[in-house]
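# Summary of structural features
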Amino acid sequence: MIWFVGLSYKEYRDYFDAHGRKYGVFADVTGRKIAADKKLPRVNVDFTNESTIEASLTSSDVKVSGIVSIYEAYVYSASVIAQYFDVPGMPAEAALACTDKNLMRQKFQDHNPAITPDFRIVDTLEDAEDFMTNHQYPVILKPANLVKSLLVTKNQGAKIWQGLTGHPIPPAWFQDVIQPAQPPKETVVPAPFRQDQGG
């Protein structure tokens, strides 16, 4: 049986139905619930951390032949579940790098510095301003662990809080939106690729 992690996805359900595949969902009891998923075979899973995931799975009696993770928020959880059931899946270290921009950039940097721009974790407005004054524009400001480009801003010049909409973003945005977010408390600021970095 194939299992979706977190939430299912209509196009995949339709495909599996058309091909006679059985499927279910490891349902996220900590997140939003989708009506279509309530009709599927399900195992309720607490995705808070690795321990709670494994504790949720311990009480299940399911056969797992494959894991499908459609949503970025469940990539790491899918790796934990795949390892738990000993089915093919992304290694946990790779899954973490896929979902944490700082870790991802660091792995790029360690492998080949030419494939990633300069970046820095910033904790304060002053950290961000310092980075921006020492690098060429544009500079991208992004939360380290959010998905779908949420709260990403592209800063073109001296007006460093100019977001994608062209409206200045006041320093209060940094304090009110970025700092209290859980996760992250940190933000990654990558600089642009330069000609000598291959593009």
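Described in the following lines is the structure provided in the data block. Here the residue numbers are simple positions, counted from 1 along each chain's written sequence. Local features in this predicted model are restricted to residues whose pLDDT is 70 or higher, and side-chain atom pairs enter the listing and the counts only when it is 80 or higher, whereas totals over whole chains, interfaces and linings include all residues. Calculation of side-chain values draws on the structure's entire complement of heavy atoms; hydrogens and water are dropped beforehand.

### Some remarks on the overall build of the chain
Test applied: Runs of H or I in DSSP of at least four residues are treated as helices and runs of E of at least two as strands, each being numbered from the N terminus. Throughout this description, buried means an accessible area under 20% of the type-specific maximum (1.4 Å probe, protein chains only), exposed means over 50%, and partly exposed covers the range between. Contacts are residue-level and defined by heavy atoms, with any inter-residue pair within 4.5 Å sufficient.
Scanning the chain for helices and strands turns up 8 helices and 8 strands. In the chain, which comprises 199 residues, the proportion classed as buried is 39%. Restricting the contact set of the chain to residue pairs at least 6 apart, pairs at least 24 apart contribute 50%.

### Looking at the side chain of Ser56
Structurally, Ser56 is set in helix α3 (residues 50–58). If sequence neighbours within four positions are ignored, Ser56 has contacts with Val43, Asn44, Val45 and Asp46.

### Digging into the packing of aromatic side chains
Keep this limit in mind: A pair of aromatic rings is counted whenever rings of Phe, Tyr or Trp (Trp by its six-membered ring) have centres within 6.5 Å, and the orientation is called stacked for planes under 30 degrees apart, edge-to-face for over 60 and tilted otherwise.
One pass over the structure, following the stated rule, counts 11 aromatic pairs. Measuring from centroid to centroid gives 6.3 Å for Tyr9 and Tyr71, while their planes differ by 75°, and the two rings are edge-to-face. Placement of Tyr9 in the loop between β1 (2–6) and α1 (10–18) and of Tyr71 in the loop between β4 (66–68) and α4 (75–85) is noted, with a sequence separation of 62 residues between them. A residue is classified by how much of its surface remains accessible, and Tyr9, at 31% relative accessible area, is partly exposed. Its relative accessible area of 23% is what places Tyr71 among the partly exposed residues. Centroid distance Tyr15 to Phe16: 6.1 Å. Interplanar angle 65°. Geometry classified as edge-to-face. Three or more aromatic residues link up through ring pairs in this structure, and these residues are Phe4, Tyr9, Tyr12, Tyr15, Phe16, Tyr23 and Tyr71.

### Some points on the sheet that holds strand β3 (residues 42–45)
What counts here: Being paired, for any two strands, means DSSP has found at least two bridges between them. In this description, a line fitted to the C-alpha atoms serves as the axis of each element, helices being fitted only across the stretch in contact, and the angle between N-to-C directions of two axes falls anywhere from 0 to 180 degrees.
Read from one edge to the other, the open sheet built from 4 strands follows the order β3-β2-β1-β4, with strand pairing classed as parallel. Among the strands making up the open sheet, the edge pair consists of β3 and β4. Taking the axes of each pair of neighbouring strands and ignoring which way they run, one obtains an average angle of 25° across the sheet. For strand β2 (residues 23–28) and β3, the ladder comprises 4 bridges, and the chain directions are parallel. The residue bridging Ala27 from the neighbouring strand is Asn44, located in β3. Taken strand by strand, α1 contacts β1, β2 and β4, and its axis lies near 170° from that of β1. Sitting on the sheet, α3 touches β2 and β3, and the angle it makes with β3 is about 145°.

### Digging into the environment of Trp3
Quick reminder of the rule: Distance and chemistry together define a polar contact, namely a pair of N or O atoms within 3.5 Å, with one atom able to donate a hydrogen and the other to accept it when in protein, and with adjacent residues in sequence counting only for side-chain atoms on both sides.
By the secondary structure assignment, Trp3 is in strand β1. Residue classification places Trp3 among the buried positions, given a relative accessible area of 2%. Measuring from C-alpha to C-alpha, the distance between Trp3 and Val43 comes to 9.5 Å, with 40 residues separating the pair along the chain. When residues no more than four places from it in sequence are discounted, the contact partners of Trp3 are Gly24, Val25, Phe26, Pro41, Arg42, Val43, Val62, Lys63, Val64, Gly66, Ile67 and Val68. Of the polar contacts made by the side chain of Trp3, one reaches the backbone oxygen of Lys63; its length is 3.0 Å.

### Observations regarding the pattern of salt bridges
Operational definition: Each reported salt bridge corresponds to a side-chain nitrogen of Lys or Arg within 4 Å of a carboxyl oxygen of Asp or Glu.
Enumeration according to the criterion identifies 2 salt bridges in this entry. Note that Lys10 and Asp14 form a salt bridge whose closest N and O atoms lie 2.7 Å from each other. Of this pair, Lys10 and Asp14 both sit in helix α1, separated by 4 residues, roughly a single helical turn. Using a relative accessible area of 45% as the deciding quantity, one classes Lys10 as partly exposed. The class for Asp14 is partly exposed, based on a relative accessible area of 39%. One salt bridge in this structure joins Glu93 and Lys107, with 2.7 Å as the shortest N-O distance. Separated by 14 residues along the polypeptide, Glu93 in helix α5 (residues 92–99) and Lys107 in helix α6 (residues 101–111) bring together distant segments of the chain. Judged by relative accessible area, Glu93 falls into the exposed class, the value being 53%. Residue Lys107 is classed as partly exposed on the basis of its relative accessible area, which comes to 32%.

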